[in-house]
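# An overview of the molecular structure
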Amino acid sequence: MTAAGLPVAVPAQGLPPRVRIHEVGARDGLQNEKGTVPTEIKAEFVHRLADAGLATIEATSFVHPKWVPQLADAEQLFPLLGDLQGVHLPVLVPNERGLDRALALGAHRVAVFASATESFAKANLNRTVDEALAMFDPVVSRARENELHVRGYLSMCFGDPWEGPVPIAQVVRVCRALLDMGCDELSLGDTIGVATPGHVQSLLAELNEEGVPTDRIGVHFHDTYGQALANTLAALQHGVTTVDASAGGLGGCPYAKSATGNLATEDLVWMLQGLGIDTGVDLGLLSATSAWMADQLGRPSPSRTVRALTHQEQ
């Protein structure tokens, strides 16, 4: 049992006072689930996450149902979230058709998802890296014309299961292309969880050298080798203030079998609270939400913090 008042907040020098958590549990976290999660459960999950204080919650993805069957109910889900006030609900759009669907439902934030490597671009989008960028260009342009906020996801920024280590210059080139086409922010994805802190800081430094400002960068770490929190701290030390995380540590990647779960939002919040960094998140409510979702899925949460705070068994 954890005593009240823990973790003790002990601020460290050189870290931001506040971090914005980009919650991906309802989309990235659930997309890999084999059993179909009912639309009403997804909607309740998002509402519970909002009640816990998360202000950016990725809601769903407007991809073709055969790509990600779990998210085939996007048109039914999104209207159920219309009562949420002051909460950003970004959605993924792979192409102009996806953008049309998002616009029809009144989405205000969209995201495109590129790859730093040719192998993953082929596996995920059946295109080369440059062909994918060409597909995204009109999507981003039209989104901006409609005054939507656009996020650019970039997968395989640190390592690729087919190609191995990914050269930093290769990652920087695609990041620069996404910004140049009009993306408001980037999310650097460690899709298979092979990043280490020095690698994180080297990539961030090179992005800065090539004109990509830190305030346009978010980080998205997977915990395959237990490095997600260490890598997050390295990014914070560099000045990054946007961190992607998934409630309860849900998720992986359906196109990269070596990708395990995302960084758990609760584990992130525990660390940030211990560093005296504000997130606006109620850790108790968030942990209870993830425990509830774990019950819906029929298995314990992989988040260490959820298990510690809710006494779930491994």
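Residues numbered from 1 in each chain as written. Predicted model: local features only at pLDDT ≥ 70, side-chain atom pairs only at ≥ 80, totals over all residues. Heavy atoms only, no water.

Backbone torsion omega between Leu6 and Pro7 reads 0°, so that peptide bond is classified as cis. As for its position among the elements, Pro7 is in the segment before strand E1 (20-23). For Glu147, which is not glycine, the phi torsion reads 60° and is therefore positive. In this fold, Glu147 is placed in the loop between helix H6 (129-145) and strand E5 (149-155). On the basis of relative accessible area, Glu147 is assigned to the exposed category, the value being 75%. For Met156, which is not glycine, the phi dihedral falls at a positive 60°. Here Met156 is to be found in the loop between E5 and strand E6 (159-160). (Helix = DSSP H or I, 4+ residues; strand = E, 2+ residues; numbered from the N terminus. Buried < 20%, exposed > 50% of the residue type's maximum accessible area, 1.4 Å probe, protein only.)

The next thing to look at is the environment of Leu54. Summarising the element assignment, Leu54 is placed in the loop between helix H2 (39-51) and strand E2 (60-61). The exposure class of Leu54 is buried, given its relative accessible area of 2%. When the C-alpha positions of Leu54 and Thr265 are compared, they lie 10.0 Å apart, and in sequence the two are 211 residues distant. Residues contacting Leu54, with those up to four places away along its chain left out, are Ile21, Glu23, Leu49, Val87, Thr265, Val281 and Leu286. (Contact = heavy atoms within 4.5 Å.)

Grouped together as the largest cluster of nonpolar side chains are 98 residues, with contacts concentrated most on Phe45, Leu89, Val91, Val110, Leu178 and Met293. When residues in this core are grouped by element, the largest group, 8 residues, is from H6. Once residues lying within four places of it in the same chain are set aside, the contact partners of Val110 are Val91, Val93, Leu99, Ala102, Ala143, Leu148, His149, Val150 and Arg151. (Core = buried A, V, L, I, M, F, W, Y, C linked by side-chain atoms within 4.5 Å.)

Here we come to H6. The first and last C-alpha atoms of H6 sit 24 Å apart over 17 residues, in line with the 24 Å expected at 1.5 Å per residue. The largest bend in H6 comes to about 25°, at Phe136, with the proline Pro138 one to four residues further on. Where H6 is concerned, the buried positions are Val129, Ala132, Leu133, Met135, Phe136, Val139, Val140 and Ala143. Close packing links the buried residues of H6 with helix H4 (96-104), strand E4 (109-115), helix H5 (118-125), E5 and helix H7 (168-181). With its phi angle positive at about 60°, Glu147 sits one or two positions after the end of H6. (Expected span 1.5 Å × (residues − 1). Bend = angle between axes of the 7 residues up to and from the residue.)

With that settled, the discussion passes to the layout of surface pockets. Looking at the second largest pocket, its volume works out to about 240 Å³. Of the residues belonging to the lining of the second largest pocket, the class tally is 8 nonpolar, 5 polar and 1 charged. (1 Å grid on protein atoms, 1.4 Å probe; cavity = no way out; pocket = protein on both sides within 12 Å on 5 of 7 lines; lining within 4 Å. Points joined across faces, edges and corners; volume = space filled by probe spheres on them. Nonpolar A, V, L, I, M, F, W, Y, C, P; charged D, E, K, R; others polar.)

Under the counting rule described, the total for this entry stands at 15 salt bridges. The partner of Asp100 in a salt bridge is Arg142, and the shortest N-O contact between them spans 2.7 Å. In this pair, Asp100 sits in helix H4 while Arg142 sits in helix H6, placing the two residues 42 residues apart along the sequence. Judged by relative accessible area, which is 24%, Arg142 ranks as partly exposed. Arg144 serves as the salt-bridge partner of Asp184, at 3.7 Å between the closest nitrogen and oxygen. Of this pair, Asp184 sits in the loop between H7 and strand E8 (185-190) while Arg144 is found in helix H6, placing the two residues 40 residues apart along the sequence. Under the relative-accessibility criterion, Asp184 is labelled partly exposed at 22%. Arg144 sits in the partly exposed class, given a relative accessible area of 40%. (Salt bridge = Lys/Arg side-chain N within 4 Å of Asp/Glu carboxyl O.)

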